[in-house]
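# Results of the structural survey
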Amino acid sequence: MALIRRIGFTRFNRWGDNLGRLTVSAATHTDALDGTDELNITCAEDLVKGDRVVWIDLQGVCHEHIVDTIDRVHDDDGAPETQAVCINSVNETWDDWLDDKRPSGSVSVALASILADTRWEVGTCDQGGTASRTFYHESVREGLAGIIETWGGELETLIVHDGAGIVSRRVGVRAKRGNQNSAKRFTWTKDLVSVKRSVASDNPKTRVYGYGKGVETEGGGHGRRLTFGDINGGKDYVEDAEATTVWGHPDGEGGILPAVASYVNEQCEDAAQLLQETQDYLEQVKEPKVTYTASVIDLYAFGRSWEGVGVGDDVAIIDKGFSSEGVRLHGRVSQIERDLLTGDATVTFGTLTDNMADMWQSVSNALKSNSQQNAIYDAAAGTSVSWLQQLQAALNAQFNAVGTYKVETFELGTMWSNVPIDAETGLPVKATSGMWAVNINGMGMRLAANLTSDGQWDWRTFLTGSMVSADAINTGTMRAERVRAGLLTDEKGNNFWDLTSGEFSLSASAEVGGKTVQEIADDAASSAVDAQTQRDIFNKLTNNGQTQGIYLSGGKVYINATYIETGIISDRYGRSTWNLNTGSLTTNYMTANNIDANGTFECGSASNLIRLASGEITGHEDGTQIGCIDFSAHMRNVSTGKLTTGLQLTGNQHIRITTPLISAAASSSESTTTTHAITKDCTLHYISKIQDDGDGTITWLNATRSIDFVDGFCTVCNFD
């Protein structure tokens, strides 16, 4: 199956000049709810870091990416090609600075505040609520992350073009990205090309004890935790008796014991709230969870627009593992990786919630799980056997309550509806609420439960010989036997595991084996050797230096490597950088005991530059040399005829010396005592005129002249 339309990629430099279309041989786009927006591209052109790549996807959405890392290689035929990683252009705001911003109010007010000095505008913001936050000495990109942390929501960028270039860049904060009414459905027989289905190893829990914040004592400490027994018939727990009969275990006397767990909210101080949260948690854990790993074909690329799926969209899964009818679950797309040239796509599902309760309250406990959670791992939801029988009973009752109208033609096939329909078009004679229609023809079967805006049946469920596709159904929180990528975290980020970096963190109040992490840490610290140094720790982590890698210990990062292969080593703000590819070292301050260097050393700016090269120190102003100190100068002594070496000062227009004293000695030894020149205003008396008086006498006239010296140099001379 071939693509209906190919995607074109246009290159712009950082100033917005159009450099033409790229000749692309490979292009993959990864987009995720966690902020990842990356374009990996291979092209014939020699890209430059900071170039912009602009492209429009098959849904008509414009994208702009900044060329970040570049490899220039040769293909199998020896032709040069560029492999580049490009990132969302909003990352240019890493170079924009927030000195001190303190917005308060809605999320759009906060966005307008931190974007004020950038070229980005405020986009769509439908995340509700008000808050305040201080943005102090950080980049605008860090500020955007801070907005999501404080106000909530998901970051979304919008690039607007006019066909020739980018005319607007916008950043918005959405309550949820994507289409929350998506009709995309992934079925076991069609879209789920390669599927691994696993049931989680953790056992269902049918009784949950709830514990809140420790009750404050008179001394200011905290004693026993808050419970809800006083408002729950004396029971500090909630239990699902029906679930216990399925998932409990024998008590040894013919009875059944519940499977017990606990729920702890360190911040909860209200018994009623704690009771509700514990009940919600029981709903989450009382049934087994199932996970899916799926490689999905993106049929939108092949011209079937109704098959398109985007990041954040609600999507549905049909699972026939529990029954032949199938369990229908839905969640959100947390990541899509698309091959932009072939249309293939890998989709990751996350944050499943249950929607069955909205349709049949009798099965609400069958597929429920806890509150929304932004998981970046594969879809998971629970099922039970009994809910299928309840569902079938509810469906049969509704089917038996309606009548049926039928039309059959060669063009339409056979069509049924619960309202009168036209014999030729199959459309309802009169539009009313609660209409539905079923159509069977040579292609398969399709179903509609409403009309479109132009009066046609809104077909949204399809059954063919190769697939089933229908509307979405919400499910719940996901658990996985294996998580392939991303971040596992609680809602507040107190406990997390970054599977990409390997960083793992538990809050001090988290319990492991009946003890809190703080208690475990205190016990471990008391038994540890106090004399351990950082080098001791490093040697333990690296097997005395044999194991190479990066380690975190005691709040410090240690690097052990034979060599480090990287591009640029830089401080956080880019003030000091070392480009290991070019060898260029840039720094504001440097202290060094010994430096051996060849070539040219320059210091300053174009308007005031000092250059050291070839035995000379030269000064330059706006590209023009204005002075030179030459350490390889030669001169000939006219008295002796000997050629000697020495120091030469050359000024473009003049040489200016400013110092309290200048001293000199007729020697080349640095240890010789020198005599300093005078700085003085002198007056010289002399006979300016002698005349013969004619009587054997003469007369002379006395006069004075000024001679001024500065450091031995004559600066004023009044002689005629």
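Each value, and the rule that gives it
Residues numbered from 1 in each chain as written. Predicted model: local features only at pLDDT ≥ 70, side-chain atom pairs only at ≥ 80, totals over all residues. Heavy atoms only, no water. Core = buried A, V, L, I, M, F, W, Y, C linked by side-chain atoms within 4.5 Å. Buried < 20%, exposed > 50% of the residue type's maximum accessible area, 1.4 Å probe, protein only. Salt bridge = Lys/Arg side-chain N within 4 Å of Asp/Glu carboxyl O. Helix = DSSP H or I, 4+ residues; strand = E, 2+ residues; numbered from the N terminus. Polar contact = N/O pair within 3.5 Å; in protein donor to acceptor, adjacent residues only side chain to side chain. Arc of directions from axis to C-beta. Contact = heavy atoms within 4.5 Å. Axes fitted to C-alpha atoms, helices over the stretch in contact; angles between N-to-C directions. Parallel < 35°, antiparallel > 145°, perpendicular 65-115°, else oblique. Nonpolar A, V, L, I, M, F, W, Y, C, P; charged D, E, K, R; others polar. Pairing = 2+ DSSP bridges.

### Section: the nonpolar core
- In this structure, L111, I114, L115, L144, I147 and V171 are the most contacted members of the largest nonpolar core, which totals 19 residues.
- In this structure, L22, V24, W55 and V67 belong to the second largest nonpolar core, which totals 17 residues.

### Here we look at the pattern of salt bridges
- Within the structure shown, the criterion is met by 17 salt bridges.
- Close ionic contact of R177 with D31 constitutes a salt bridge, the shortest N to O distance being 3.1 Å. Placement of the pair is R177 in the loop between strand 14 (166-174) and strand 15 (185-187) and D31 in strand 3 (residues 24-32), with a sequence separation of 146 residues. For the pair formed by R177 and D31, the shared burial category is buried.
- The partner of R102 in a salt bridge is D100, with the nearest N and O atoms 3.0 Å apart.
- Since its relative accessible area comes to 35%, D100 is described here as partly exposed.

### Considerations on the side chain of S417
- Tracing the backbone through its elements, the reader meets S417 in strand 30 (residues 413-417).
- When its relative accessible area of 0% is taken as the criterion, S417 is described as buried.
- In terms of polar contacts, S417 uses its side chain to reach the backbone carbonyl oxygen of W436, at 2.7 Å.

### Focus on helix 1 (residues 107-114)
- Within helix 1, burial applies to V107, A110, L111, S113 and I114. One face of helix 1 carries all of its buried residues, which in axial projection span an arc of 160°.
- Looking at the buried side of helix 1, the elements it contacts are strand 8 (97-101), strand 9 (104-105), strand 10 (121-125), strand 12 (135-139), helix 2 (140-151) and strand 14.

### As for the packing of helix 1 against helix 2
- Across the interface, helix 1 lies against helix 2 with an axial gap of 10 Å and an inter-helix angle of 170°. Comparing the axis directions of helix 1 and helix 2 gives the class roughly antiparallel. Of helix 2, the residues touching helix 1 (which contributes V107, A110, L111 and I114) are V140, G143, L144, I147 and W151.
- Of the residues that constitute the contact of helix 1 with helix 2, the class distribution is eight nonpolar, one polar and no charged.

### Comments concerning the sheet that holds strand 52 (residues 680-692)
- If you trace the three strands from one edge of the open sheet to the other, you get 52-53-54, paired in antiparallel fashion. Two strands close off the open sheet at either side, each with one partner strand: strand 52 and strand 54 (713-717). Going across the sheet, the axis of each strand differs from the next one's by a mean of 35°, ignoring polarity.
- Here strand 52 runs beside strand 53 (residues 698-710); their pairing, made up of twelve bridges, is antiparallel. Each residue of the ladder has a partner; that of D692, found in strand 53, is I698.

### Concerning the environment of Q267
- Considering the arrangement of structural elements, one finds Q267 in the loop between strand 23 (260-264) and helix 4 (271-285).
- Among the residues examined, Q267 registers a relative accessible area of 56% and is labelled exposed.
- Distance from Q267 to K213, taken between C-alpha atoms, is 5.4 Å for residues 54 residues apart in sequence.

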